[in-house]
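Architecture at a glance
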Amino acid sequence: MRLEPVANPTLGRSIGFPAAALALTVVVASLLTLLAGANPFETLGLILAGAAGSKFALLETLNRATPLIFTGLAVAVAFRAKLWNIGAEAQFYAGALVAVLLGTGALGFLPWFVLVPVMAAGAMLAGALMLLGPVVLKVRLGVDEVVTTLLLNFIMLLFISMLLEGPLKDPMGMGWPKSEPLDRAARLPRIVDGLRLHWGFGIALISAGVIWVIQACTTLGYEIRAVGQNPQAARFAGIPVGWVLIKTALLSGGLAALAGWSEVAGLKGNLTLDISPGFGYTGIIVAMLALLHPGGVVVSAIFVAGIFVGADSMSRAAEVPTYIADILLATALLFMVLAILLTRFRVVRG
Amino acid sequence: MAEIIDILLSASFWAAAVRIASPLIFATLGEMICERAGILNLGIEGIMVLGAFAGWMAVYSGAGLWTGVAVAMGAGMLFGLLHATLTVPFGLSQHVVGLGITLLATSVTYYAYRLALPEVTSPPRIEPFQPLEIPLLSEIPILGQALFAQTPLTYLAFVLAGVTWVVLYRSPLGLALRAVGENPGAVEAQGLSVTGLRMGAVIVGSGFMAVGGAFLTMSAFSSFFFEMVNGRGWICIALVVFGAWKPGKAVLGALLFAAFDALQIRLQQTGLGAEIPYQVFLMIPYVLSILALVLMSRRAEVPAALMVPYNRGER
Amino acid sequence: MTNKREAQDTVLRLSGITKRFGALTANDAISFELKRGEVIALLGENGAGKTTLMNILFGHYTADEGRVEVFGQPLPPGAPGAALAAGVGMVHQHFTLADNMSVLDNILLGTEPLWRLGMGRGAARRKVETLARDFGLVVDPDAKIGALSVGERQRVEILKALYRDARILILDEPTAVLTPQETDALFETLRKAVAQGLSIIFISHKLHEVMSISSRVLVLRHGRLVGEVKTDETDRHRLAELMVGAEIKAVAPSEATPGEVLLRLSGVSTPAQGNRPGLNSVDLDLRAGQITGLAGVSGNGQGALADLLSGLEAPTEGEMDVAGTRVRGWSPRTAVAHGIGRIPEDRHRTGTIAEFTLTENAVLEGYMKPPFSNRGWMDWSGAERHTAEIIDKYDVRCPGPDTRIRLLSGGNMQKLILGRVFEAGPSIILANQPVRGLDIGAVTYVQEQLIAARDAGAAVLLISEDLDEVLALSDVIRVMSEGRLSPEFARGSMTPAELGVWMAGQGFEDAA
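Residues numbered from 1 in each chain as written. Chains lettered and ligands numbered in written order. Predicted model: local features only at pLDDT ≥ 70, side-chain atom pairs only at ≥ 80, totals over all residues.

Take the overall build of chain A next. Secondary structure summary: chain A contains 13 helices and two strands in total. The C-alpha radius of gyration of chain A comes to 21 Å, within 12% of the 20 Å expected for a compact globule of 350 residues. Taken over 350 residues, chain A has a buried fraction of 54%. Across chain A, every contact between residues at least 6 apart in sequence was considered, and the portion connecting residues at least 24 apart equals 78%. (Helix = DSSP H or I, 4+ residues; strand = E, 2+ residues; numbered from the N terminus. Rg over C-alpha atoms; globule rule 2.2 N^0.38 Å. Buried ≥ 20, exposed ≤ 12 C-beta atoms within 10 Å, placed from the backbone. Contact = placed C-beta atoms within 7 Å.)

In structure tokens, the structure reads:
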């Protein structure tokens, strides 16, 4: 077999294949629920109800989507430049750590409207620095960033664990490895009083808008796309490829760190070792399902969060393990990249 | 310092190093085979998790130990087939597909684990491979206990490294495999199937990775935990680079790495361990892996067509 | 009786071969026969379908219609292995060799059953040595491919086919990268092969070579077989008409009026890039209003010189002056700022970004300045206006500025690059293989544009592996070999054979 480019994909092609990918994903998930001895329709119904069946469920989904929008944007920005940042998890914790360092009294003299932006900026800086090392190694020495960013995730988690059992340990924490709670002024308020949705969600939406503007309207966005599509041609044309990658890394690392900051300052109020159930890794799925488009990231983050929240609530009712959500998303990812290929290429014989 | 010398002179330390190296050797060989054929397999971490579970589960369900190894290998090869189908004929991004395979294999494993053992809080144990002392050889001081009093699976790892070397450098298949990672066009022009060779390499390589995972549950420990692979797959990718895509150097790299790992475990129990948080010791393997990548970056002899998809008759 | 004898003599028969790529019909019902001990030339300009046809014969592609018979047996489609087994060998235009493996390994690859140990290297080495002696193909079997010259690599390619006992040899543009002397040696080898009963298909667009080697000529145009003639019953003029469908008007530049030196290299050296040499103490003057042609066998430092002028590489030794000033902080961007217009060798990989639109490609070099952007904000309407102008002025055939450039033909892609470069008003133009792979109409257009730029006062450096092109366009000629540069030769002062001596690296000791 051979792949032949399709000059002008028809609408049916552009929609048909992705739709088929989603349908196939559902089929796979249904088969797995059958394996668990449950009724697939019932299970899917429970997942849907758990994700969006009530105001509470919907808000829970949006809360869960908030860090995923940030990490999804982080991955999308980096992948556009073909910078394989698999270290959003580490950058997440970098942001969360800065939130705790600055928000537990060190800057207690600042009013909230100064403290909150300072914390966000500090978090972004920490996340950016976290990715700077791997990118400089890539640009200067050609060290593959996939492995370095992956390994940094493990190092960062151990580092956080060390701090939480050492200097950052909450003396009132009954021996649990967790940090002191953030000061009141350092917390992100709720968007609407009484509803459990914090301003982190709003900032995530704004970030998506900003990224969209950067990509569509600025020279940096143009440079990032050029470097991602064809670094050789970009370099020949005079685009400083190394610098563009570094700028991309700072942006990407900063976005992932905002996720950590928003989880600590908006939702949890303190830092624990399990504050991220893999938000950094899930960001990859979010970004890929969104075809790396910032607007799409918002939609796919909400979708992905819904699957997780729905599966959690479903597994309490049915005998299907909650890991069905992870399978569903990994399958969707693989089918989707294939479907996107098939919208643009035709498989021909010989 | 005296403590370190004591550790380095003890037979049990070297035995531990060889034991720790064994799963890394399997998986590093597997990854090396894939990369030699031009395919980066980031599914390695998930395939190791899957292999660890599949082999253990088979034995727990009543199969023999070697059957368990075969089951693990088969499971790995199945996911290798999926990876190969997406990355070879379809030429999809090896980064994205590899990570997707890792996510899928991991979540399928956890799902299966929960289905198989819904009630348990601590995982059941199996009777793992037992050390097999080789007469005479195992009586050599230090070296004997380190090399010749291991479980059969460790011996298999070293045998496999030898076989891989022979096939790679002394057989027409190995010649074709090396060529397909250098210039697939040359392979096709000589009448061989690029798709077949690459898919075969990824499938077999994935099988090796899964056996590496199975070593953890069937030889090193006797039960399956979540997070038990814990980044070993990513470390193996660094080891492939460190070993310059050569089986002999890869084994040496794995042994060196394992020695450091064994050393940090022992150092935790010394006076040093009381002063320095244990997390610092645990970081050492990951930091070493990054260092290895940086050290080798200038001398790397990367297969020229690594991560370059081949579309037949592309114009 | 004679009919039967003829049938036995036929080693290869193609009947009704048709191949379509999307809307394009690359081969349209092509049929022909090849006889034992015959050399036929497959003539046609770029894009006529020659390579596609041979790729079908060799099994790289599957034909949509038609069949191939070798020695009377039908050849299964889409299987190079089957073609090789049937005795068909192909020397590809872009060599199919693994660079970091030895000559012997490359020859042995795929010749033995995969599932066994041991390689039988001893016997293989003896066979290779015998073949090399018989056919005049001297090459060290243990050398790594990466260390070989282009001519040697081609010998390995031919040895690969002979090692497999090929009876039919296909050579795709084999002389494109050779010196005239190497071409003569190749023809000598081919004549030996024919004497031993091999049959040869020789693909080319060079008329004098076709006339010299073949006994029969097949002419392809737009995927159709438009002529089949015996070589001794035709001449170059008639073949050219068949090939292009009209008379070829060679571009004939008028006398140049050289001006001041716009770019001067004095003793410049650059580092080697892998197996390819860097520049070795090069002196070069590029004058306003003059085309300097750079001849040479590919891989002899032309790339290094192009990289230097493009800004990709900086001198490690020596001095570079542009318009009389010493350059500092040399990079692609400063090169453009110094008025160097660069037409890159590979328009697909280096010159354009396939997934970008024409507009995005048109502003690749100038996007950071008005009218294309302002303080970091892109001005897409300004960019689009500029692109529309280029499309109009340089006759780029396309649906519009929003089209992805990968959908354009090579010629139209090159026209967009010309527009991008020329509209910036360069005083120095680096044209690296500017017409490679283009059809004759586009070739003429690009060459005329270069001459027009020269007449408008630009200093042009034309790098080409095609000696005929260098001879036709250049006001002065330099030859490059292993990073060294020959003295300047005035137009008409050297014959191709004399230049070939320099291309082989043989005049330099005398000159030194």
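Let's pick the thread back up.
Consecutive side chains along a regular strand alternate between the two faces of the sheet. As defined by bridge partners, strand 1 (residues 10-21) of chain C adjoins strand 4 (residues 65-70) of chain C across five bridges and the pair is classed as antiparallel. Bridge assignment links Leu14 of chain C to a residue of strand 4 of chain C, and that residue is Val68 of chain C. (Pairing = 2+ DSSP bridges.)

Okay, the nonpolar core next. Counting 389 residues, the largest nonpolar core has Met119 and Trp261 of chain A, Ala210 of chain B together with Val88 of chain C as the members making the most contacts within it. When residues in this core are grouped by element, the largest group, 16 residues, is from helix 10 (residues 194-220) of chain B. For Met119 of chain A, the contacting residues outside a window of four places in its chain are Val98, Ala99, Leu102, Gly103, Ala186, Trp261 and Ala265 of chain A. (Core = buried A, V, L, I, M, F, W, Y, C linked by C-beta atoms within 7 Å.)

This brings us to unusual backbone geometry. Residue Pro370 of chain C is joined to Pro371 of chain C through a cis peptide bond whose omega torsion reads 5°. In this structure, Pro371 of chain C sits in the loop between helix 13 (358-362) and strand 17 (373-374). Unusually for a residue other than glycine, Trp245 of chain B sits at a positive phi of about 60°. On the secondary structure map, Trp245 of chain B appears in the loop between helix 11 (232-242) and helix 12 (247-268). Judged by the 22 C-beta atoms lying within 10 Å of it, Trp245 of chain B is buried.

The next thing to look at is the interface of chain C and chain A. Facing the 30 residues of chain C at the interface are 18 residues of chain A. When its residues are assigned to classes, the side of chain C that touches chain A shows 16 nonpolar, ten polar and four charged. (Nonpolar A, V, L, I, M, F, W, Y, C, P; charged D, E, K, R; others polar.)

Time to look at the interface of chain B and chain A. Counting from both sides, the interface comprises 40 residues of chain B and, opposite them, 38 residues of chain A. Of all the secondary structure elements, the ones that give two or more residues to the side of chain B that touches chain A are helix 5 (94-116), helix 11 and helix 14 (278-296) of chain B. Here the side of chain B that touches chain A takes 13 residues from helix 5 of chain B, the largest share from any one element. Within the side of chain B that touches chain A, the residues separate by chemical class into 26 nonpolar, eleven polar and three charged.

With respect to topology, four strands assemble into an open sheet ordered 2-1-4-5 (chain C), the strand pairing being antiparallel. Of all strands in the sheet, those bounded by a partner on one side alone are strand 2 (24-35) and strand 5 (73-74) of chain C.

Let us look at the environment of Ser207 of chain A. All names here are of chain A. Mapped onto the elements, Ser207 comes out in helix 7 (residues 199-217). Exposure remark for Ser207: the 22 C-beta atoms within 10 Å place this residue in the buried category. Measuring from C-alpha to C-alpha, the distance between Ser207 and Ile246 comes to 19 Å, with 39 residues separating the pair along the chain. Not counting residues up to four positions away in its chain, the partners in contact with Ser207 are Phe70, Leu73, Leu255 and Leu258.

Before going further, it helps to spend a moment on helix 8 (residues 219-229) of chain A. Most of helix 8 of chain A sits out of view: eight of its eleven residues are buried. Here helix 8 of chain A has its buried residues at Thr219, Tyr222, Glu223, Ile224, Arg225, Ala226, Val227 and Gly228 of chain A. Residues of helix 8 of chain A that are buried in the fold lie against helix 3 (55-80), helix 9 (231-237) and helix 10 (241-268) of chain A together with strand 17 and strand 18 (377-378) of chain C.

Quick look at the environment of Val213 of chain A now. Residues and elements named next belong to chain A. If you trace the backbone, Val213 turns up in helix 7. On the neighbour-count criterion, Val213 (13 C-beta atoms within 10 Å) is partly exposed. Val213 sits 81 residues away from Pro294 along the chain, and the two C-alpha atoms are 9.4 Å apart.

Pairing between the strands of a sheet comes from backbone hydrogen bonds, and it takes one of two forms, parallel or antiparallel. All names here are of chain C. The strand order 12-11-14-15 describes an open sheet built from four strands, whose pairing is antiparallel. Strands with a single pairing partner mark the edges of an open sheet, and in this sheet they are strand 12 (282-287) and strand 15 (325-326). The sheet contact formed by strand 11 (residues 261-269) and strand 12 spans five bridges and is antiparallel. Following the sheet pairing, Val268 is matched in strand 12 by Val282.

Here we come to the packing of helix 7 of chain A against helix 12 (residues 294-317) of chain A. Helix-helix packing is characterised by the crossing angle of the two axes and by the distance between the axes. All names here are of chain A. Two elements in contact, helix 7 and helix 12, have axes whose closest approach is 8 Å; the angle formed by their N-to-C orientations is 150°. One way to sum up the angle between helix 7 and helix 12 is to call them roughly antiparallel. When helix 7 is examined against helix 12, the residues Leu205, Ala208, Ile211, Trp212 and Gln215 are found in contact with a partner set consisting of Pro294, Gly295, Val297 and Val298. Taken together, the residues of the contact of helix 7 with helix 12 sort by class into seven nonpolar, two polar and no charged. (Axes fitted to C-alpha atoms, helices over the stretch in contact; angles between N-to-C directions. Parallel < 35°, antiparallel > 145°, perpendicular 65-115°, else oblique.)

In this section: the packing of helix 7 (residues 152-170) of chain B against helix 12 of chain B. All names here are of chain B. Relative orientation of the contacting elements helix 7 and helix 12 amounts to 155°, with a least axis distance of 9 Å. Taken as axis vectors, helix 7 and helix 12 run roughly antiparallel relative to one another. Contacts between helix 7 and helix 12 involve Ala161, Thr164, Trp165 and Leu168 from the first element and Pro247, Gly248 and Val251 from the second. Residues of the contact of helix 7 with helix 12, tallied by class, amount to five nonpolar, two polar and no charged.

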